[in-house]
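# Per-entry structural report
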Amino acid sequence: MGESNNGMRVIVMFGPPGAGKGTQAQKLQEEFGYLHISTGDILREAVEKKTPVGLKAKKCMDKGELVPDDVIIPIVKDKLERSINVPGFLFDGFPRTIPQAEMLDKVLSEMGTAIGRVIYLNTTAKIIVKRLSGRRTCEKCGKIYHMVTLPPKIDGKCDECNGRVILRDDDSEETIIRRLKVYEQQTAAILKYFKKKGILLEVDGALPVKDSYEIIRANLIQEKV
Ligand code: AP5
């Protein structure tokens, strides 16, 4: 496994809700400068702006269901096609279904590159519920906090941009449980797809943030995927 044809790295953060995908992706983006593509963030922005996509997506997101492929795939395709001169892509929350994974492979291949590494963060349902019910997110810049383990310095205010730090609409206990079920039923199956390609790195998502990050970082530096 080496660098992709044009030197652009493509990394996918994979795992159940609350496993720490966004937290690790923000750290990787800071250190390596890759373009962080979080489909959850893109959809939340569309919901906030009440765009036609946002209105459609909100119904699914509030219930903890996946947004349909025919809504999410064109958004990601467009984002990729418009991104030039970036050192790499860091996907977070995408792909989540086989059609999404196939589309990603196709578009990347047309760009002369491919997924180099899928980082699979895994942890237990008990930990996930604890993490998500305590999570708070900056509504302006998206920085992720936790009320117990990683609170902002000033209550309710983002350390980075002074934005409002809020509870996500889908972080209620009932919706968290539904999102976990949806992950097991509709998303976990793509692990086989990635395993076959030999690009999967499994990392214990229950480890402290800095320990998981060190494992991921060391792998990316060593393997140059
Ligand atoms: P999305 O926003 O992608 O949510 P998700 O996949 O459910 O993942 P989360 O953002 O909840 O968790 P995370 O793994 O990023 O954890 P985080 O780092 O924040 O999607 C939301 C919705 O949008 C979906 O339900 C769906 O409706 C729709 N959607 C999005 N993409 C889609 C797609 N491709 N197709 C169809 N629909 C799509 O960490 C969580 C908390 O834990 C934080 O408080 C953090 O501080 C803390 N924490 C993190 N790591 C650690 C650690 N190691 N130790 C202790 N605490 C930690």
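Scroll up a little and you will see the structure.
Here the structure is a predicted model, which means the values were calculated and not measured.

### Re the site of the ligand
With respect to spatial proximity, 34 residues lie near the ligand, and among them T23, E65, R96, R135 and R179 are the closest. In this structure, A19 approaches the ligand through a main-chain N or O atom, which is 3.2 Å from an oxygen atom. Contact between the ligand and R44: an oxygen atom at 3.0 Å from a side-chain N or O atom of the residue. With the chains in place, 95% of the 1000 Å² that the ligand exposes on its own is no longer accessible. Elements that contribute at least two residues to the shell around the ligand include exactly α1 (21-32), α2 (39-48), α6 (125-134) and β6 (144-146). Take the shell around the ligand: its biggest share by element is 4 residues, from α2. Among the residues making up the shell around the ligand, the classes are represented as 15 nonpolar, 10 polar and 9 charged.

### Considerations on the environment of D62
Mapped onto the fold, D62 is located in helix α3 (residues 52-63). Separated by 68 residues in the primary sequence, D62 and K130 have C-alpha atoms spaced 19 Å apart. Aside from chain neighbours lying at most four places away, what touches D62 is D169 and T175.

### Topic: helix α4 (residues 69-82)
Residues spaced three or four apart along an α-helix face the same direction, because each turn holds 3.6 residues. The terminal C-alpha atoms of α4, which comprises 14 residues, lie 20 Å apart, in line with the 20 Å expected from a rise of 1.5 Å per residue. Residues of α4 that are buried: V71, I72, I73, V76 and L80.

### Let's talk about the pairing of strand β3 (residues 88-92)
Within β3, 5 of the 5 residues are buried, which leaves it mostly tucked inside the rest of the structure. Taking every second residue as pointing to the same face, both faces of β3 are buried, with G88, L90 and D92 on one and F89 and F91 on the other. The pairing of strand β1 (residues 9-14) with β3 spans 5 bridges and is classified as parallel. Paired with V12 across the strands is F91, a residue of β3.

### Things to note about the side chain of D171
Following the sequence through the fold, D171 ends up in the loop between β7 (165-166) and α7 (173-187). At a separation of 2.9 Å, a polar atom in the side chain of D171 contacts the side chain of R179. Excluding anything up to four places from it in sequence, D171 contacts L132, S133, R135, I176 and R179.

### Brief notes about unusual backbone geometry
Across the junction of F94 and P95, the peptide omega takes the value 0°, indicating a cis bond. A positive phi angle, near 55°, is found at K50, a position not held by glycine. For K50, the location among the structural elements is in the loop between α2 and α3. For K50, a relative accessible area of 62% corresponds to the exposed category. Despite not being glycine, N162 shows a phi value in the positive range, around 70°. Among the structural elements, N162 can be located in the loop between β6 and β7.

### Here we look at the packing of helix α5 (residues 98-110) against helix α8 (residues 190-197)
α8 packs onto α5 with a crossing angle of 35° between their chain directions and a minimal axis gap of 9 Å. Along this stretch, α5 crosses α8, giving a crossing that reads as right-handed. Residues I98, A101, E102 and D105 of α5 touch α8, and the partners they reach there are I190, Y193 and K197. Within the contact of α5 with α8, the residues separate by chemical class into 4 nonpolar, no polar and 3 charged.

### Some words on the pattern of salt bridges
Considering all chains together, one arrives at 16 salt bridges under this definition. For the salt bridge of K49 with E45, the shortest nitrogen-to-oxygen distance reads 2.7 Å. Note on K49: relative accessible area 56%, which makes it exposed. Here R178 and E65 are joined by a salt bridge, their closest N and O atoms 2.9 Å apart. Here R178, found in helix α7, pairs with E65, found in the loop between α3 and α4; they are 113 residues apart in sequence, far enough to count as distant. Each of R135, R168, D170, D171 and R179 takes part in one network of salt bridges that share partners.

What counts as what
- Per chain, the residues get numbers from 1 upward, laid out in the order the sequence is written.
- Owing to the predicted nature of the model, reporting of local features is limited to residues with pLDDT of at least 70; listing and counting of side-chain atom pairs is limited to 80 or more, with chain, interface and lining totals taken over all residues.
- Side-chain numbers here rest on the full set of heavy atoms in the structure, without hydrogens or water.
- For each residue, the test is whether any non-hydrogen atom lies within 4 Å of the molecule or strand; if one does, the residue is near.
- Here a polar contact means two N or O atoms within 3.5 Å. Within protein one must be a hydrogen donor candidate and the other an acceptor candidate, and residues neighboring in sequence count only if both atoms are side-chain atoms.
- Shrake-Rupley sampling with a 1.4 Å probe provides the accessible areas, and residues are treated as covered by the protein chains on show and by no other component.
- Strands here are runs of E lasting at least two residues and helices are runs of H or I lasting at least four, both read from the DSSP assignment and numbered beginning at the N terminus.
- Amino acids outside the nonpolar list (Ala, Val, Leu, Ile, Met, Phe, Trp, Tyr, Cys, Pro) and the charged list (Asp, Glu, Lys, Arg) are all regarded as polar, and Gly is one of them.
- Whether two residues are in contact is decided by their heavy atoms: any pair within 4.5 Å suffices.
- Multiplying 1.5 Å by the residue count of a helix minus one yields the expected span of that helix.
- Think of it in three bands: with a 1.4 Å probe and only protein chains considered, a residue is buried below 20% of the maximum accessible area for its type, exposed above 50%, and partly exposed in between.
- Think of it this way: DSSP has to see at least two bridges between two strands before they count as a pair.
- The angle between two axes is taken between their N-to-C directions and runs from 0 to 180 degrees, where each axis is a line fitted to C-alpha atoms and a helix contributes only its stretch in contact.
- Left-handed describes a crossing in which the near helix is turned anticlockwise from the far one by less than a right angle; the clockwise case is right-handed.
- Any carboxyl oxygen of Asp or Glu within 4 Å of a side-chain nitrogen of Lys or Arg constitutes a salt bridge here.

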